[in-house]
Amino acid sequence: MRKFRFLLAVCALALGSSAFAQTEDFYAEIKQFMTDNRAEYDSILSNYFAAEEMSLDDYALLYYGYTYTDSYKPGYLDSKADSLISKKEYEKAFEHLLQENRKDPTSLKTLFDLMNLADLLNKTQESNRFQNAYLNLVRAILQSGGDGSSAENAIYVNSETDEFQLLSVYFKAVSIVSREFTEDFKDKITIKDSDGAQKVLYFDFSRFMEVAQAK
């Protein structure tokens, strides 16, 4: 029942626009905000961990602003949680992922796993909190960038794992038909969805690559 309600909530995500809707200077605007208003970002981060009510723009700033912090590690993958879950050590996996969420509050996979583990462990309040954070971050991502229909309307993502969360949960991908990386750091990916239809989507990895190449 929890999964069904969650999927209904994902399908009901309304697409509009945020104050950081896609422009040619998208990341320049985020960088300027982080340079001039770091205290405000820290306040947003505090509100996030306190489960305070946040606006769509707050979630957008939380997500994209994170890439301008020292904690951002492009390409980081956490395998410990998956290992613990495969061993059915759910409580240990949950506690580990709580620590991971503190290190990276924007990881969609971490939030998705926390939500499901909390539900499995009958931690209803925590499950609701992580579901709310997940849905709002997805909404912020989808409303900040394009709709993914072309390279010019690519969806900005912080990581490949976030891309695959969007593909599987929001776009209902069941398989990848083809994948191509462009010279300007776009990921052109063709999926087959749960209805059997094929769809081409574009994701923007430019910030990911900028940080990765600088390290």
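Since the structure is predicted, the reported quantities are computational estimates derived from the model, not experimental observations. (Residues numbered from 1 in each chain as written. Predicted model: local features only at pLDDT ≥ 70, side-chain atom pairs only at ≥ 80, totals over all residues. Heavy atoms only, no water.)

1. What to know about the overall build of the protein chain
- Across its full length, the protein chain holds ten helices and four strands.
- In sequence order, the protein chain lays out its α and β elements as α-α-α-α-α-α-α-α-β-α-β-β-β-α.
- Taken over 215 residues, the protein chain has a buried fraction of 44%.
- Long-range contacts, defined here as pairs at least 24 residues apart, represent 60% of the contacts in the protein chain between residues at least 6 apart. (Helix = DSSP H or I, 4+ residues; strand = E, 2+ residues; numbered from the N terminus. Buried < 20%, exposed > 50% of the residue type's maximum accessible area, 1.4 Å probe, protein only. Contact = heavy atoms within 4.5 Å.)

2. A word on the pattern of salt bridges
- Under the defined criterion, the tally for this structure stands at twelve salt bridges.
- Between K103 and E100 there is a salt bridge, and its shortest N-O distance comes to 2.8 Å. Of this pair, K103 and E100 both sit in helix α6 (residues 90-103), three residues apart, which is roughly one turn of that helix.
- Residues K109 and D113 are paired through a salt bridge, measuring 2.8 Å at the closest nitrogen-oxygen approach. A residue pair is termed a helical-turn pair when its members lie 3 or 4 positions apart in one helix, as K109 and D113 do in helix α7 (residues 108-120) at four residues. (Salt bridge = Lys/Arg side-chain N within 4 Å of Asp/Glu carboxyl O.)

3. Considering the side chain of T110
- Looking at where T110 falls in the secondary structure, it is placed in helix α7.
- Among the polar contacts listed, one links the side chain of T110 to the side chain of S107, at a separation of 3.1 Å.
- Residues within four places of T110 in sequence aside, it is in contact with L97, E100 and N101. (Polar contact = N/O pair within 3.5 Å; in protein donor to acceptor, adjacent residues only side chain to side chain.)

4. Topic: the packing of aromatic side chains
- For the coordinates displayed, the defined rule picks out 13 aromatic pairs.
- For the pair Y27 and Y64, a centre-to-centre distance of 6.2 Å together with 75° between the ring planes defines the contact as edge-to-face. You can see Y27 sitting in helix α2 (residues 26-36) and its partner Y64 sitting in helix α4 (residues 56-65), a full 37 residues away along the chain. Both residues of the pair, Y27 and Y64, count as buried.
- One aromatic cluster is present, formed by F26, Y27, Y63, Y64 and Y156 through successive ring pairs.
- Between R102 and the ring centre of F49, over which it is positioned, the NZ or CZ distance is 4.0 Å.
- It is R207 that lies over the ring of Y68; its NZ or CZ is 3.6 Å from the centre. (Phe/Tyr/Trp six-rings, centres within 6.5 Å; stacked < 30°, edge-to-face > 60°. Lys NZ or Arg CZ within 6 Å of the ring centre and 35° of its normal.)

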